[in-house]
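A structural walkthrough
Okay, here's what each chain looks like letter by letter:
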Amino acid sequence: MWFVFALLSAVFAALTSILAKIGIVGVNSNLATAIRTMVVLVMAWGMVFLTNTQGGIAVISKKSWLFLTLSGLATGASWLCYYRALQIGDASKVVPIDKLSVVITLVLAFVFLHEKFTARSMMGCILIGVGTLLMVL
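Residues numbered from 1 in each chain as written. Predicted model: local features only at pLDDT ≥ 70, side-chain atom pairs only at ≥ 80, totals over all residues. Heavy atoms only, no water.

1. A look at the layout of surface pockets
This is how the line gets drawn: Cavity and pocket criteria rest on a 1 Å grid covering protein atoms alone: a 1.4 Å probe that fits but cannot get out defines a cavity, protein on both sides within 12 Å along at least 5 of 7 lines defines an open pocket, and an atom within 4 Å of a point defines a lining residue. Grid points are joined across faces, edges and corners, and a volume is the space filled by probe spheres set on the points. Secondary structure elements follow DSSP: runs of H or I no shorter than four residues count as helices, runs of E no shorter than two count as strands, and numbering proceeds from the N terminus. Amino acids outside the nonpolar list (Ala, Val, Leu, Ile, Met, Phe, Trp, Tyr, Cys, Pro) and the charged list (Asp, Glu, Lys, Arg) are all regarded as polar, and Gly is one of them.
Of the voids in this model, the largest pocket is the one considered here, and its volume is about 590 Å³. Lining of the largest pocket is provided by 17 residues; of these, Thr 16, Arg 36, Val 39, Val 40 and Met 43 occupy positions nearest its centre. Looking at which element gives the most residues to the lining of the largest pocket, the answer is helix 2 (residues 29-50), with 7 residues. When its residues are assigned to classes, the lining of the largest pocket shows 14 nonpolar, 2 polar and 1 charged.

2. Quick word on the nonpolar core
Note the cut-off: Throughout this description, the term nonpolar core refers to a set of buried Ala, Val, Leu, Ile, Met, Phe, Trp, Tyr and Cys residues connected via side-chain atoms within 4.5 Å. Under the scheme applied here, a residue whose accessible area is under 20% of the maximum for its type counts as buried, over 50% as exposed, and between as partly exposed, the area being computed with a 1.4 Å probe on protein chains only. By definition, residues are in contact when any of their heavy atoms lie within 4.5 Å.
Grouped together as the largest cluster of nonpolar side chains are 9 residues: Ala 20, Ile 24, Ala 32, Tyr 82, Tyr 83, Leu 86, Ala 91, Val 94 and Val 95. Counting only elements with at least two residues in this core, the list comes to helix 3 (62-88) and helix 4 (91-98). Apart from the residues within four sequence positions on either side, Tyr 82 is in contact with Ser 17, Val 94, Val 95 and Asp 98.

3. Things to note about unusual backbone geometry
The phi dihedral of Asn 52 is positive, around 55°, even though this residue is not glycine. By the secondary structure assignment, Asn 52 is in the loop between helix 2 and helix 3. Notably, His 114 is not glycine yet its phi reads approximately 60°, a positive angle. When you line up the elements, His 114 lands in the loop between helix 5 (101-112) and helix 6 (119-136). The exposure class assigned to His 114 is exposed, which follows from its relative accessible area of 68%.

4. Focus on the pattern of salt bridges
Stated formally: Salt bridges are identified by distance alone: a Lys or Arg side-chain nitrogen within 4 Å of an Asp or Glu carboxyl oxygen.
In the structure shown here, the tally under the stated rule is 1 salt bridge. Residues Lys 99 and Asp 98 are paired through a salt bridge, measuring 3.4 Å at the closest nitrogen-oxygen approach. Lys 99 sits in the partly exposed class, given a relative accessible area of 34%. Residue classification places Asp 98 among the partly exposed positions, given a relative accessible area of 26%.

5. Remarks on a nonpolar patch on the surface
Under the convention used in this document: Grouping into patches uses exposed residues only, defined as over 30% relative accessible area, and leaves out salt-bridged ones; the cut-off is 9 Å for like charges and 5 Å for nonpolar side chains (Val, Leu, Ile, Met, Phe, Trp, Tyr). Per-residue and other accessible areas were derived by the Shrake-Rupley procedure at a 1.4 Å probe size, with only the shown protein chains allowed to occlude residues.
Judged by side-chain polarity, Met 1, Trp 2, Phe 3, Val 4, Phe 5, Leu 7, Leu 8, Val 11, Phe 12, Leu 15 and Leu 19 come together as a nonpolar surface patch covering roughly 1,200 Å² of accessible area. For Val 11, the position within the fold is in helix 1 (residues 2-23). What makes Val 11 partly exposed here is its relative accessible area of 42%.

6. Concerning helix 6
So the rule is basically this: Multiplying one less than the number of residues by 1.5 Å gives the expected span of a helix. Think of the arc as the fan of directions from the helix axis to the C-beta atoms.
The terminal C-alpha atoms of helix 6 lie 26 Å apart, and with 18 residues this matches the ideal 26 Å at 1.5 Å per residue to within 8%. Of all the positions in helix 6, only Ser 121, Cys 125 and Thr 132 are classed as buried. Relative to the axis of helix 6, the buried residues are bounded by an arc of 50° and lie together on one face. The exposed set on the far side of helix 6, more than 90 degrees from its buried face, consists of Ala 119, Arg 120, Leu 127, Leu 133 and Leu 134. Considering only its buried residues, helix 6 is in contact with helix 4 and helix 5.

7. Focus on the packing of helix 4 against helix 6
Heads up, the rule is: Angular values range over 0 to 180 degrees, each being the angle between N-to-C directions of two axes fitted as lines to C-alpha atoms, with helices fitted over their stretch in contact. Relative orientations are named as follows: roughly parallel for angles under 35 degrees, roughly antiparallel for angles over 145 degrees, roughly perpendicular for angles from 65 to 115 degrees, and oblique for any other angle. In this scheme, a crossing is called left-handed if the near helix is turned counterclockwise away from the far one by less than a right angle; it is called right-handed if the turn is clockwise.
Relative orientation of the contacting elements helix 4 and helix 6 amounts to 165°, with a least axis distance of 9 Å. With respect to their mutual orientation, helix 4 and helix 6 come out roughly antiparallel. Considering the relative orientation of helix 4 and helix 6, their crossing is left-handed. Contact with helix 4, carried on its side by Lys 93, Pro 96 and Ile 97, involves Thr 132, Met 135 and Val 136 of helix 6 and no other residues of that element. Within the contact of helix 4 with helix 6, the residues separate by chemical class into 4 nonpolar, 1 polar and 1 charged.

What follows is the structure in C-alpha cells.
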C-alpha cells in the first residue's frame, strides 16, 4: 500500500509544480508560498478532524515535537526556495534539480538513519544525478 501512496505523492507533486508555475505569474513567490501553505494547513487539519485523530496531540513526545517542528521548518524553507526558483526559472529545469532531493535523502538516510546503501541505490543515485544534469544542460 505504501507504493500506491508514494506514486500518488509523485503525481500530486508533479501537479503542484505545473499548477504553481501557472499560478505564480505576477505574484510574489513568498506570498504564493504562504497562500499554498494556508491551503495545506486547512486540508491537513481537515483530515485530522475527519479521521478523529486530534486526541493524539496529547501523547506526542518532546522528541517527536522537536523533529516534527524541524521538519516543518525544513519544509517551509524548501517551499520558499522552490517557489522562488519556479518564479524565475523554467519548470522543466527547476523540477529535476528539486528531485535531487532523492539522492540527498538516500545519503542522509544512510548517514543518520543507518539505512542500507546498496549497489542498486548507489546506481540509482548516479542515474538520477546524470539524468538531472542531462535535463538541465
